[in-house]
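The residues making up each chain are set out below.
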Amino acid sequence: MTTNATKLKALTENIETIIRGKPQEVKYVVTALLARGHILLEDNPGAGKTVLAKTLAQSISEGSVEFQSTNGGVAFKRIQFTPDLLPMDLIGSHIFDESKKDFVFKKGPLFTHVLLADEINRASPKVQSALLECMAENQISSGDATFQLDPFFFTIATQNPIEMEGTYPLPAAQLDRFYMKISFGYVSEEVEFDIYTNYLTIGNGKSTVKQVLTYSDIIHLQQEAENVYVHPEIIKGVVRLVQSTRHHPEIALGCSTRGGITFIKCLKAWALVNQRDYVIEDDMRALAQPVMHHRLIFRNREASRTALQQLVDAEVNKLAKLGIQGKK
């Protein structure tokens with residue numbers, strides 16, 4: 001097993017000591033991190049979304065000196081989104097410094113490594129939009145000043161199902177900034193029994209979770225993900241898939257070019273997480289739903305369940321007949 005594979009296996013297994021019975025979802029989160037993107041978790045309260053974010057941060061040590069970690073890993077900040085939250089509560093604000101006789105900028109919680117935006121759809125659209133610049137450009141503007149965020153900056157946002165009371169739908173521009181959107185769902189009966197039996201150990205993450213990777217390891221793995229090989233035929237397959245979403249009769253709004261680029265980035269990272277240095281056609285099937293579904297607007301509920309999957313299956317079957325298997 002290569003060094004990269006060993007590191008990634010250690011990271012996913014470490015997270016799974018706390019997040020039981022969700023190996024696929026854990027891989028999705030690590031994939032979004034390695035693709036230099038952000039991830040949105042939608043599920044009912046109590047599914048483990050918040051715990052996952054904390055566990056990821058605790059698994060990685062040695063953050064940059066600018067941030068002080070209090071959780072035993074890279075810097076981690078949690079923002080509980082509420083209807084009365086203001087943009088300055090996220091970004092920070094200028095305050096008057098008596099000693100300097102001038103206004104100085106006090107940084108808000110967005111200046112961190114791992115950000116947990118908890119129940120993001122309970123805040124107003126104005127506050128949700130405050131995340132746009134930092135997620136898209138890795139920077140924050142306040143007045144005339146622009147502040148660069150750490151290269152590691154990774155947002156894990158959670159939201160309750162839109163049918164729940166007191167929620168605001170995320171605008172399309174905000175959704176597009178999330179590389180992936182996934183749902184945890186409930187665990188099996190056996191896993192739930194295991195969780196109930198060991199809830200004290202699971203709940204005490206600081207003593208259970210080990211720091212298995214360093215800040216530098218993650219930055220290196222992000223660079224390695226960019227070097228994963230994608231066969232030209234697979235790129236053509238992504239192009240055809242993106243194009244087909246724009247012409248499907250049951251899809252009102254198809255995938256954008258940015259969405260296609262994001263798909264390729266995630267395909268590369270997913271291959272690396274699965275211990276390969278090349279993308280295969282089955283990776284498209286594994287990632288199409290979490291990467292593309294939330295970027296599309298469907299004409300009805302039935303189409304939202306079947307339309308994208310039908311397009312993906314058709315495209316993957318075409319690629320499978322070519323027999324390229326993703327290799328050069």
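None of these values were measured; they are calculated from a predicted model.

Participant: Help me understand the overall build of the protein, please; the structure alone is not making it clear to me.
Facilitator: Secondary structure assignment for the protein yields 15 helices and 13 strands. Relative to the 2.2 N^0.38 estimate, which gives 20 Å for 328 residues, the radius of gyration of the protein is 20 Å and therefore close to what a compact globule would have. Over its C-alpha atoms, taken along the principal directions, the protein stretches across nearly 70 × 40 × 40 Å. Here the protein, with 328 residues, has 50% of them falling under the buried criterion. Across the protein, the fraction of contacts at a sequence separation of at least 24, relative to all contacts at a separation of at least 6, is 76%. Put simply, the protein shows about 15,600 Å² of open surface, and 53% of that area lies on carbon and sulfur atoms. Across the protein, 36 positive and 37 negative side-chain charges occur, with their mean positions spaced 4 Å apart.

Participant: Looking at this model, I keep getting lost on helix α12 (residues 232-247). Mind explaining?
Facilitator: Between its first and last C-alpha, α12 extends 23 Å over 16 residues, near the 22 Å set by a 1.5 Å rise per residue. Within α12, the full set of buried residues consists of Ile234, Gly237, Val238, Leu241, Val242 and Thr245. Looking straight down α12, one finds its buried side chains confined to an arc of 130°; they lie on one side. Tucked inside the fold, the buried residues of α12 contact β12 (251-253), α13 (257-273), α14 (281-292) and α15 (301-322).

Participant: It is not clear to me how the nonpolar core should be interpreted in this structure. Could you clarify?
Facilitator: A general tendency of soluble globular proteins is for nonpolar side chains to be buried together. Membership of the largest hydrophobic core comes to 70 residues, with the highest contact counts inside it found for Ile39, Ile156 and Phe263. Ranked by residue count, the leading element in this core is α13, at eight residues. The two domains that each donate at least three residues to this core are domain 1 (3-222) and domain 2 (228-321). Once you skip the residues sitting within four places of it in the chain, Phe263 turns out to touch Val238, Leu241, Met284, Leu287, Ala288, Val291 and Met292.

Participant: Explanation requested: the pairing of strand β4 (residues 92-97) in the structure shown.
Facilitator: The side chains of a regular strand alternate, residue by residue, between the two faces of the sheet. As paired strands, β4 and strand β5 (residues 102-107) are joined by six bridges and run antiparallel to one another. Each residue of the ladder has a partner; that of Phe96, found in β5, is Phe103.

Participant: I would appreciate a short explanation of the domain arrangement of the protein in the present structure.
Facilitator: In many reports, interface size means the accessible area that the parts give up when they come together. Here the protein is partitioned into domain 1 (3-222) and domain 2 (228-321). Just the C-alpha atoms count here: the centres of domain 1 and domain 2 sit 25 Å apart. Contacts between the two partners involve 19 residues from domain 1, matched on the other side by 17 residues from domain 2. Roughly 1,800 Å² is buried in total at the junction of domain 1 and domain 2, and carbon and sulfur atoms are behind 61% of that figure.

The rules behind these values
Residues numbered from 1 in each chain as written. Predicted model: local features only at pLDDT ≥ 70, side-chain atom pairs only at ≥ 80, totals over all residues. Heavy atoms only, no water. Helix = DSSP H or I, 4+ residues; strand = E, 2+ residues; numbered from the N terminus. Rg over C-alpha atoms; globule rule 2.2 N^0.38 Å. Buried < 20%, exposed > 50% of the residue type's maximum accessible area, 1.4 Å probe, protein only. Contact = heavy atoms within 4.5 Å. Areas by Shrake-Rupley, 256 points an atom, 1.4 Å probe, with all protein chains shown as cover. Lys, Arg positive; Asp, Glu negative; His and termini not counted. Charge placed at Lys NZ, Arg CZ, Asp CG, Glu CD. Expected span 1.5 Å × (residues − 1). Arc of directions from axis to C-beta. Core = buried A, V, L, I, M, F, W, Y, C linked by side-chain atoms within 4.5 Å. Domains from an automatic or database assignment. Pairing = 2+ DSSP bridges. Buried area = accessible area lost by both parts, 1.4 Å probe.

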